[in-house]
Amino acid sequence: MKLENFFSLMLCAALCLSLSACGGAPSGAAPASGGSAAAASSSAPAAPDLTGDWKQVNAASEDSYQVATIQGDIIEIYWVTESADTKSLYWAGTFVAPETADEPYTWESANDTEKTGSALLASGDETKTFTYQDGQISYDVSAMGMTQTVRLEKQ
């Protein structure tokens, strides 16, 4: 083999290797920089966990207020009167957990009339709209021709 043929063959081999090295990551591999959809979603804020106990923060009295418990797909709300040591059911209904961190988050709760049907201070509404925003759950309560927005915070 002549030297110039050998040199040409080596040059071709080097050129082929350098071109294949510049081809980028193998198909299916994540890019080295610039992020990916999976990386972007892992840095997105998580949906809030609303399960647990909640207490009214805008009650007219420190002695009388509402409390709520969210467990699984159920929300229950009670009237509490400390001086009388009483707790009366106001609402028992469905709860739909948020799937994103978007606020405000609103869900429509269906009344569990088996639980609320015999409770004297329970709402007679078929459904109730709840809103979660800025760490508070809010909803309207109507009694004796007056409507108040109740605001609860997690305990």
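Quick caveat: nothing in here was measured; it's all calculated off a predicted structure.

> Would you mind going over the nonpolar core with me for this structure?
It is characteristic of soluble globular proteins that their nonpolar side chains tend to be buried jointly. One finds Trp54, Ile75, Ile77, Trp107, Phe130, Ile137 and Tyr139 to be the most contacted residues of the largest nonpolar core, which totals 18 residues. When contributions to this core are tallied by element, the ones reaching two or more residues are β2 (64-71), β3 (74-81), β4 (86-94), β5 (105-110), β6 (127-133), β7 (136-143) and β8 (146-154). The dominant element in this core, judged by the number of residues it contributes, is β7, at three residues. Those residues within four positions of Trp107 in sequence are excluded, and the remaining contacts are Leu50, Ile75, Thr94, Phe95, Val96, Lys128, Thr129, Phe130 and Ile137. Formed by six residues, the second largest nonpolar core is a distinct cluster that contains Val67, Tyr78, Leu89 and Ala92.

> Help me understand the sheet that holds β2, please; the structure alone is not making it clear to me.
Two modes of strand pairing occur in sheets, parallel and antiparallel, and in both the strands are linked by backbone hydrogen bonds. Ordered in space as β4-β3-β2-β1-β8-β7-β6-β5, the eight strands form an open sheet in which the pairing is antiparallel. This sheet does not close on itself; its edge strands, each paired only once, are β4 and β5. Between one strand axis and the next, the sheet turns through 25° on average, direction left out of account. For β3 and β4, the ladder comprises eight bridges, and the chain directions are antiparallel. Considered in β4, the bridge of Glu76 is made with Ala92.

> What is the right way to look at the pairing of β3 in this model?
Consecutive side chains along a regular strand alternate between the two faces of the sheet. The pairing of β2 with β3 spans eight bridges and is classified as antiparallel. Considered in β3, the bridge of Gln66 is made with Trp79. Where β2 hands over to β3, the hairpin turn is made up of two residues, of which Gly72 adopts a positive phi near 60°. Joining the antiparallel neighbours β3 and β4 is a turn of four residues, in which Asp85 adopts a positive phi near 55°.

> How do you make sense of the environment of Ser142 when you look at a structure like this?
On the secondary structure map, Ser142 appears in strand β7. Separated by 19 residues in the primary sequence, Ser142 and Ser123 have C-alpha atoms spaced 8.3 Å apart. Separated by 2.8 Å, the side chains of Ser142 and Thr147 make a polar contact.

So, how was this worked out
Residues numbered from 1 in each chain as written. Predicted model: local features only at pLDDT ≥ 70, side-chain atom pairs only at ≥ 80, totals over all residues. Heavy atoms only, no water. Core = buried A, V, L, I, M, F, W, Y, C linked by side-chain atoms within 4.5 Å. Buried < 20%, exposed > 50% of the residue type's maximum accessible area, 1.4 Å probe, protein only. Helix = DSSP H or I, 4+ residues; strand = E, 2+ residues; numbered from the N terminus. Contact = heavy atoms within 4.5 Å. Pairing = 2+ DSSP bridges. Axes fitted to C-alpha atoms, helices over the stretch in contact; angles between N-to-C directions. Polar contact = N/O pair within 3.5 Å; in protein donor to acceptor, adjacent residues only side chain to side chain.

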